[in-house]
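An overview of the molecular structure
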Amino acid sequence: MKNTLLILLLTFTTTIFSQKFTEQDTLRGSITPERAWWDLNYYHLDIEVKPDEKYISGSNTIRYKVLEKQDVLQVDLQPPLKIKKVTQDGKELEVKSNGNAHFIHLKKEQRKGDFNEVIVHYSGKPKEAVRAPWDGGFSWKKDSNGKHFVATSCQGLGASVWWPNKDHMYDEVDSMAISVKVPKGLMNVSNGRLRKVDEATNTYHWFVKNPINNYGVNVNIGDYVYFGEKFEGEKGTLDMDYYVLRDDLEKAKEQFKDAPKMMKAFEHWFGPYPFYEDSFKLVQVPYLGMEHQSSVTYGNQWQQGYLGRDLSSTGWGLKFDFIIIHEAGHEWFANNITYKDAADMWVHEGFTSYSENIFLDYHYGKEAAEDYVIGLRQNIVNDKPVIGPYGVNQEGSKDMYYKGSNLLHTIRQLINDDEKWRQILRGLNKDFYHQTVTTQEIENYISEKAGMDFSKVFDQYLRTADIPVLEYELSENVLKYRYTNVIDGFDMPLQVFLGDQAHALIPSTEWNTNKIEGLPEFKVDRNYYVNSKKLN
Ligand SMILES: [Zn+2]
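Here the structure is a predicted model, which is why all the values come from computation and not from measurement.

**What to know about the environment of N531**
Relative to the assigned elements, N531 resides in strand β29 (residues 531-534). Residue N531 is classed as partly exposed on the basis of its relative accessible area of 40%. Sequence separation between N531 and E356 is 175 residues; the distance between their C-alpha atoms is 23 Å. If we skip the residues at most four places from it in the chain, N531 touches I467, P468, V469 and L470.

If you want it as structure tokens, here you go:
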């Protein structure tokens, strides 16, 4: 029931960017009339996966609530997969296709408030992942024993690359069953809880009790072994379940010690894990990893950092397994709080990049966390704004990660009250619990709860590619300063040091002059993400 009002802005921004984007982008990325009239309630994805043939077949049952009377319903599925037939109440329906968008012509009267179902039967050889998870699809691999090791990943290109669904983020299904038949000797791990294994057919029946976004749904097939633990958390006992390849069990038992440490830190800062009913899982996959809801996938080669690298170059990035911490951080920011439009993807990646520093803060202290998040700035390129164009399934700059986390770190300084900041982060996860959101809602919430207007700060860092520069002149007893490279009206307060004395400045685009004592050394507090330039 995460369907909320249409964003009027969509139409407007689609027009602006219309030269660059195609009709297919709009069919995919906007809330079309054939999507808007119905609200997703339930999916049952029921498929067979044949790794030998790289072939899948089956159906998705789509149950929806009628919001407004209409008779054409859009479902998305990407070629080379083909829809075989669509039925409602046992009657086959006509489907008119336009690329990836398929328009189902309903016969039955759709009365407002009714719950109806369509069943979409499909099959084919789905797109093979080129460079999972970024250029995703199906990864058809083998483990070191020559057994099939198969996984899906589809963020960005969309879940319709492997199953038919309403492939837009604004409307999350309320619950979902996932049944996957796999060859004997292999196991399928999907999202939620394993309810039943049909031994005769080797079909694994999973069930997700909570709302889930499309790209969060996954199948992982392999010669898995299981281990697990109980975590005593804020909402009671949480099952933490781990599925890894048979030969990697010992390595996993060592490496996954970060998982309960992660849960401890994130529950403290972000509030209870959002999917207790569905458990938390780590599932080994043949690619780097992805934030699949309640079944976070792992392929970081049992190494610290990001495949053994420290993204911050400070040493702190090697204190944890990046994929466990980062992808699990997405359970709060991506899976609990989900963007409506890919343009606002920083809400996922900015906050989750920030979560890495929160993990360090909890376990290694504030200074370690500061070193790390500031160290991440070396990865920022300022090529274009963090927020992308709306309505065309298009993300903004990759800076959404490191600039996003540094923006949040700067806001922490501005609030200057760590407990208040923590309550804001927890409040976001409580007040937007299991919802899809716009960046504007998140920005307004932070300003409101902080009691400070951060709108210019968000505009500067999210809607331009420019980093503020504090220009200053320092002479005997006089400090002159102003902001350049900023939007109109930007006057973010700043802490600076004169010698070792901290001072608060409120610079603007006009020159300000402060009297100071003598000619001390001047520097901007490193925790604020601004550049400085001495003019004399
Ligand atoms: Zn991420």
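**What to know about the packing of aromatic side chains**
Applying the stated criterion across every chain, the model contains 36 aromatic pairs. Judged by centre distance (5.2 Å) and plane angle (90°), the ring pair of F270 and F333 falls under edge-to-face. Separated by 63 residues along the polypeptide, F270 in helix α5 (residues 258-270) and F333 in the loop between α6 (322-329) and β21 (337-339) bring together distant segments of the chain. Aromatic ring contacts, followed pair by pair, group F266, F270, Y273, F275, Y276, F280, W332, F333, W346, F351 and F458 into a single cluster.

**Looking at unusual backbone geometry**
Each neighbour pair has its own omega, and for P79 with P80 the value is 10°, a cis peptide bond. Note that P80 resides in the loop between β3 (72-76) and β4 (82-88). The step from A132 to P133 runs through a cis peptide bond, and the omega angle for that step is 5°. With respect to the helices and strands, P133 occurs in the loop between β8 (115-124) and β9 (137-142). Its identity as a non-glycine residue notwithstanding, S294 has a phi of 60°, on the positive side. The topology assignment puts S294 in the loop between β19 (289-290) and β20 (296-298). Located in the positive-phi region is N382, a residue other than glycine, with phi close to 50°.

**Concerning the sheet that holds strand β23 (residues 469-475)**
Read from one edge of the open sheet, four strands run β27-β24-β23-β29, paired in mixed fashion. A single partner strand is all that each edge strand has here, and the edge strands are β27 (512-515) and β29. If you compare each strand with its neighbour and ignore which way they point, the axes differ by 25° on average. Pairing of β23 with β29, which is carried by four bridges, proceeds in the parallel orientation.

**Considerations on the coordination of the zinc ion**
Within the protein, the atoms that donate to the zinc ion are H326 (NE2), H330 (NE2), E349 (OE) and E349 (OE), at distances of 2.0 to 2.8 Å. Taken together, the four donor atoms coordinating the zinc ion and their angles of 52 to 155° define a geometry best described as irregular. All donors of the zinc ion belong to a single chain; written as a sequence motif, their spacing is H-x3-H-x18-E. For H326, a relative accessible area of 3% translates into the label buried.

**Concerning the sheet that holds strand β18 (residues 280-284)**
Strands sit in the order β16-β17-β18-β20-β19 across an open sheet of five strands; the sheet is mixed. Two strands lie at the open edges of the sheet, namely β16 (224-233) and β19, each paired on one side alone. Of the pairings in the sheet, the one linking β16 to strand β17 (residues 236-245) comprises 10 bridges and is antiparallel in character. Considered in β17, the bridge of E232 is made with T237. Sheet strands in contact with α6 are β18, β19 and β20, and its direction is about 160° off that of β20.

**Regarding the layout of surface pockets**
As a volume, the largest pocket reaches approximately 640 Å³. As for the largest pocket, its lining consists of 27 residues, of which P133, W134, E349, K398 and Y401 are closest to the centre. Of all elements in the fold, only β19 and α6 reach the threshold of two or more residues within the lining of the largest pocket. Ranked by residue count, the leading element in the lining of the largest pocket is α6, at four residues. Along the lines of polarity and charge, the residues of the lining of the largest pocket split into 12 nonpolar, seven polar and eight charged. Considering only enclosed or pocket space, the second largest pocket measures out at about 270 Å³ in volume. Around the second largest pocket, the lining is made up of 15 residues, and of these Q413, L414, N416, Q495 and Y528 lie nearest the centre. Listed by contribution, the elements that provide at least two residues to the lining of the second largest pocket are α9 (402-415), β25 (494-498) and β26 (501-505). No other element matches α9, which puts three residues into the lining of the second largest pocket. Partitioning the lining of the second largest pocket into residue classes produces seven nonpolar, three polar and five charged.

**A closer look at empty space enclosed by the protein**
Over the atoms, a rolling probe the size of a water molecule traces out where space has been left empty. Inspection of the entire model under this criterion finds one cavity of 30 Å³ or more. Of the voids in this model, the largest cavity is the one considered here, and its volume is about 30 Å³. Of the residues belonging to the lining of the largest cavity, the class tally is two nonpolar, three polar and two charged.

Rules and cut-offs
- Residues numbered from 1 in each chain as written.
- Predicted model: local features only at pLDDT ≥ 70, side-chain atom pairs only at ≥ 80, totals over all residues.
- Heavy atoms only, no water.
- Helix = DSSP H or I, 4+ residues; strand = E, 2+ residues; numbered from the N terminus.
- Buried < 20%, exposed > 50% of the residue type's maximum accessible area, 1.4 Å probe, protein only.
- Contact = heavy atoms within 4.5 Å.
- Phe/Tyr/Trp six-rings, centres within 6.5 Å; stacked < 30°, edge-to-face > 60°.
- Pairing = 2+ DSSP bridges.
- Axes fitted to C-alpha atoms, helices over the stretch in contact; angles between N-to-C directions.
- Donors = N, O, S within 2.8 Å, 3.2 Å for Na, K, Ca; no water.
- Tetrahedral: all angles 85-135°; square planar, octahedral: opposite > 155°, others 65-115°.
- 1 Å grid on protein atoms, 1.4 Å probe; cavity = no way out; pocket = protein on both sides within 12 Å on 5 of 7 lines; lining within 4 Å.
- Points joined across faces, edges and corners; volume = space filled by probe spheres on them.
- Nonpolar A, V, L, I, M, F, W, Y, C, P; charged D, E, K, R; others polar.

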